[in-house]
Amino acid sequence: MCGIIARIGDGDAITKLVTGLENLEYRGYDSAGVAVQNGSGISVYKRSGQISELKDTIVGNVPKGNVGIGHTRWSTHGPPTDENAHPHTSETENVAVVHNGIIENYVELKEWLESKGHEFTSDTDTEVIPHLFEHHLEEEATIEDAFRKTIRELEGSYAVAAMVDGVHSIYAARQGSPLILGLDNDEYYLASDVPAFLDHTDRVVYFEDGDVAILEPNGVTMTDLDGNMINRDVEHIDWDPEDAGKGGYEHYMLKEINTQPNALANTIEGRVQDGEINLEDFPAGTFSGIDDVHFVACGTSYHAALYGQQLLNRAGIRAQAFRASEYVDSNPGPVSENTLVIAVTQSGETADTLGALRQAKSRGARAVTVTNVMGSTAAREVDDALFIRAGPEIGVAATKTFSSQAVTLSMLAIRLAEDIETATPPEDKGELLRELEALPQNVEKVLESTEAKRIASRYTGSQSFFFIGRGLNNAVAKEGALKFKEITYEHAEGFASGELKHGPLALVTPDTPIFALFNGENDQKTLQNAEEAQARGAPIVAVANANHPSADIADSFLEIPDTHPVWSGLLANVQLQLVSYHAARNLGRPIDKPRNLAKSVTVE
């Protein structure tokens with residue numbers, strides 16, 4: 001969940017460390033810090049708050065040195081204070097460490113270290129690592145041996161980068177938390193995610209669990225925990241560094257909403273040919289023999305999974321979307337080699353989703369991931385990976401990746417329906433795919449003509465916000481509510497339209513605007529549900545095409561282009577994203593850094 005950065009090479013490290021942290025701030029922004037090897041000790045600067053506050057601390061006293069580590073924190077153990085900020089140091093301050101993950105046995109380690117005379121100054125689990133490392137430095141023949149012994153004694157998840165005073169090296173290890181090596185001509189980087197160093201290099205090596213690395217000015221050595229040499233492939237990232245910047249927009253979220261046409265075009269490119277689906281690694285017949293499908297996902301990705309579930313169910317395929325955090329304990333029913341588990345995860349590092357994926361695989365299921373990140377843990381652990389190709393998404397609230405996930409899953413659903421003998425592919429596939437190819441242009445039309453800013457201003461300050469839709473639009477309604485609550489901090493809920501009268505209607509007042517989504521399927525029923533709420537005083541915001549009958553009864557109207565019902569919800573979703581954005585802006589919320597949240601949830 002936190003973000004770590006490390007750098008070694010020619011020239012001072014501090015500027016690149018701080019820039020790397022700014023590029024990783026979507027992973028956590030409770031506190032931040034850096035440590036630099038300055039020739040006469042390890043200089044540590046850290047404080048609670050955002051990275052801008054850390055920069056203010058450094059101004060006028062910039063630490064010198066070509067070796068350094070940094071960290072931006074999302075709090076797990078202990079509140080966001082200066083003392084709990086990383087890097088953490090040993091008692092003598094000869095060792096400095098940054099860490100992403102959770103050390104599950106830190107209490108036992110801390111008690112043992114305290115019995116040896118070590119004194120702790122923070123509430124974090126991480127602080128045991130530098131103390132343990134320092135303890136083993138006194139016992140082991142080499143620093144490498146001491147580091148490996150330290151790592152072997154940790155239980156839980158970790159990506160660790162450490163420095164030792166007077167030694168121009170960085171020691172790193174991974175277990176369960178992402179860690180990536182960036183290779184430049186005369187310098188090396190470590191980070192939790194590629195955007196940290198994308199300005200400098202597109203050549204990367206993905207750590208796997210159990211990997212240990214030593215970075216030195218003249219090269220990198222990678223071994224396993226026993227010291228055996230290992231080789232990992234160098235891969236090239238095809239993201240443009242400009243994709244990770246704001247590009248002139250006030251917020252990353254607004255940029256990512258507005259770049260959805262390009263993201264969707266990339267998602268679709270080459271995958272629709274001559275009226276057929278062409279998924280590169282999934283030729284016809286790939287999924288013959290599959291009996292049922294389990295989606296596992298969290299948050300926004302779960303809503304995309306609901307979209308996929310609906311399409312598979314329509315094709316006569318048994319499919320169910322599970323919240324990944326509940327999958328292991330929910331007894332999802334029989335799982336066999338004829339079960340396909342589809343892990344939907346933007347980052348490919350979501351801990352709950354990885355846990356569900358591993359549990360399903362252990363029971364014999366075939367595994368596929370739908371993800372945005374090549375080389376991610378999910379992509380490496382499954383049988384096959386299908387990439388959404390949306391490019392880097394920096395805003396914590398997912399926008400373009402939801403659209404790209406839903407489209408990717410829709411294409412995958414068509415492939416499954418064609419491969420599974422008992423399934424029924426869509427009868428209107430030709431029209432469906434023609435409208436899919438037009439989807440980027442239709443999103444562009446929404447962006448050019450939207451009234452979301454005006455409508456957001458009209459209803460900002462309301463007591464609650466409800467979102468309703470049927471079928472595929474049920475998933476979109478839930479996603480619209482999630483986006484709204486994530487960045488406005490206002491109460492919002494998404495419901496299946498027909499469920500409004502089975503309880504939630506008790507909460508409806510004239511101060512409860514209801515966003516009703518229409519896509520041409522069972523619209524009369526949704527319209528009736530909206531009118532039931534309107535009769536209780538609730539204002540109705542209809543999201544539909546221009547000639548839809550809801551325009552006659554709605555208090556406000558958000559127009560979307562006329563398209564196939566499967567894609568209509570994704571156009572409505574863009575309108576809801578913009579409503580959320582403008583409402584949050586009206587309220588003065590930190591849109592790209594919503595309270596208590598982080599982009600990639602790598603802890604359970």
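Residues numbered from 1 in each chain as written. Predicted model: local features only at pLDDT ≥ 70, side-chain atom pairs only at ≥ 80, totals over all residues. Heavy atoms only, no water.

Caption draft 1: Seen up close, the overall build of the protein chain. Regarding its fold elements, the protein chain presents 18 helices and 26 strands. In terms of overall dimensions, the protein chain is globule-like: its C-alpha atoms have a radius of gyration of 25 Å, near the 25 Å expected for 604 residues. Over its C-alpha atoms, taken along the principal directions, the protein chain stretches across nearly 75 × 55 × 45 Å. Going through the 604 residues of the protein chain one by one, you find that 61% of them count as buried. Contacts in the protein chain between residues at least 24 apart in sequence constitute 71% of all its contacts with a sequence separation of at least 6. For the protein chain, the exposed area adds up to about 22,200 Å²; of that, 42% sits on carbon and sulfur atoms. (Helix = DSSP H or I, 4+ residues; strand = E, 2+ residues; numbered from the N terminus. Rg over C-alpha atoms; globule rule 2.2 N^0.38 Å. Buried < 20%, exposed > 50% of the residue type's maximum accessible area, 1.4 Å probe, protein only. Contact = heavy atoms within 4.5 Å. Areas by Shrake-Rupley, 256 points an atom, 1.4 Å probe, with all protein chains shown as cover.)

Caption draft 2: Representation of the sheet that holds strand β14 (residues 235–236) within the structure. Read from one edge of the open sheet, eight strands run β3-β2-β4-β1-β10-β9-β11-β14, paired in antiparallel fashion. Single-partner strands in this sheet number two, and they are β3 (42–48) and β14. Bridge analysis of strand β9 (residues 180–183) against strand β11 (residues 203–206) gives three bridges, and the strand direction is antiparallel. Following the sheet pairing, Gly182 is matched in β11 by Val204. Together, β1 (3–9), β2 (31–37), β4 (67–73) and β10 (187–191) form the strand contacts of helix α1 (residues 14–23), whose direction differs from that of β2 by roughly 155 degrees. Those strands touched by helix α2 (residues 51–58) are β2, β3 and β4, and its axis lies near 135 degrees from that of β3. (Pairing = 2+ DSSP bridges. Axes fitted to C-alpha atoms, helices over the stretch in contact; angles between N-to-C directions.)

Caption draft 3: Molecular detail of the nonpolar core. Core analysis: the biggest nonpolar cluster contains 87 residues, and Phe295 and Ile342 have the highest contact counts within it. The biggest single contributor to this core is helix α18 (residues 565–586), with 12 residues. Apart from residues lying up to four places away in sequence, Phe295 is in contact with Ala305, Gly308, Gln309, Leu312, Ala319, Gln320, Ala321, Phe322, Ile342, Val344 and Leu409. Within the second largest apolar cluster, 31 residues are counted, among which are Ile5, Leu21, Val194 and Tyr252. (Core = buried A, V, L, I, M, F, W, Y, C linked by side-chain atoms within 4.5 Å.)

Caption draft 4: Structural detail: the pairing of β1. β1 sits mainly inside the fold: seven of its seven residues count as buried. Burial along β1 is two-sided: the residues Gly3, Ile5, Arg7 and Gly9 and Ile4, Ala6 and Ile8 are all buried. As judged from the six bridges shared by β1 and β4, these two strands associate in the antiparallel manner. Across the sheet, the residue bridging to Ile4 is His71, located in β4. Taken together, the five bridges between β1 and β10 define a ladder with antiparallel strand orientation. The residue of β10 that forms the bridge with Arg7 is Tyr189.

Caption draft 5: Spatial organisation of empty space enclosed by the protein. Applying the stated criterion across every chain, the model contains three cavities of 30 Å³ or more. Considering only enclosed or pocket space, the largest cavity measures out at about 90 Å³ in volume. As for the largest cavity, its lining consists of 16 residues, of which Pro178, Ile180, Ser192, Asp193 and Glu349 are closest to the centre. Partitioned by chemical class, the residues of the lining of the largest cavity number six nonpolar, five polar and five charged. (1 Å grid on protein atoms, 1.4 Å probe; cavity = no way out; pocket = protein on both sides within 12 Å on 5 of 7 lines; lining within 4 Å. Points joined across faces, edges and corners; volume = space filled by probe spheres on them. Nonpolar A, V, L, I, M, F, W, Y, C, P; charged D, E, K, R; others polar.)

Caption draft 6: Just the side chain of Asn573, in detail. Relative to the helices and strands, Asn573 is located in helix α18. We classify Asn573 as buried; its relative accessible area is 1%. Ignoring sequence-local partners within four residues, the contact set of Asn573 consists of Gln260, Phe402, Ser403, Val476 and Glu479.

Caption draft 7: Layout of a negative patch on the surface. Together, Glu91, Glu104, Glu108, Glu111, Glu114, Glu119 and Glu155 line one region of the surface with negative charge. Within the secondary structure, Glu104 sits in the loop between β6 (95–103) and α3 (106–115). Overall, the relative accessible area of 60% leaves Glu104 in the exposed class. (Patch = residues over 30% accessible without salt bridge, like charges linked within 9 Å, V, L, I, M, F, W, Y side chains within 5 Å. Salt bridge = Lys/Arg side-chain N within 4 Å of Asp/Glu carboxyl O. Lys, Arg positive; Asp, Glu negative; His and termini not counted. Charge placed at Lys NZ, Arg CZ, Asp CG, Glu CD.)

Caption draft 8: Here's a closer look at the packing of aromatic side chains. Considering all chains together, one arrives at 10 aromatic pairs under this definition. Both rings, one in Phe467 and one in Phe484, keep their centres 6.1 Å apart while their planes meet at 55 degrees; by these two values the pair is tilted. Here the residue Phe467 occupies a position in strand β22 (residues 465–469), and Phe484 occupies one in helix α16 (residues 472–488), the gap between them amounting to 17 residues. Residue Phe484 is classed as buried on the basis of its relative accessible area, which comes to 2%. The rings of Phe465, Phe467, Phe484 and Phe515 are connected pair by pair, giving a single aromatic cluster. Sitting over the ring of Tyr489, Arg595 keeps its end group 3.9 Å from the ring centre. (Phe/Tyr/Trp six-rings, centres within 6.5 Å; stacked < 30°, edge-to-face > 60°. Lys NZ or Arg CZ within 6 Å of the ring centre and 35° of its normal.)

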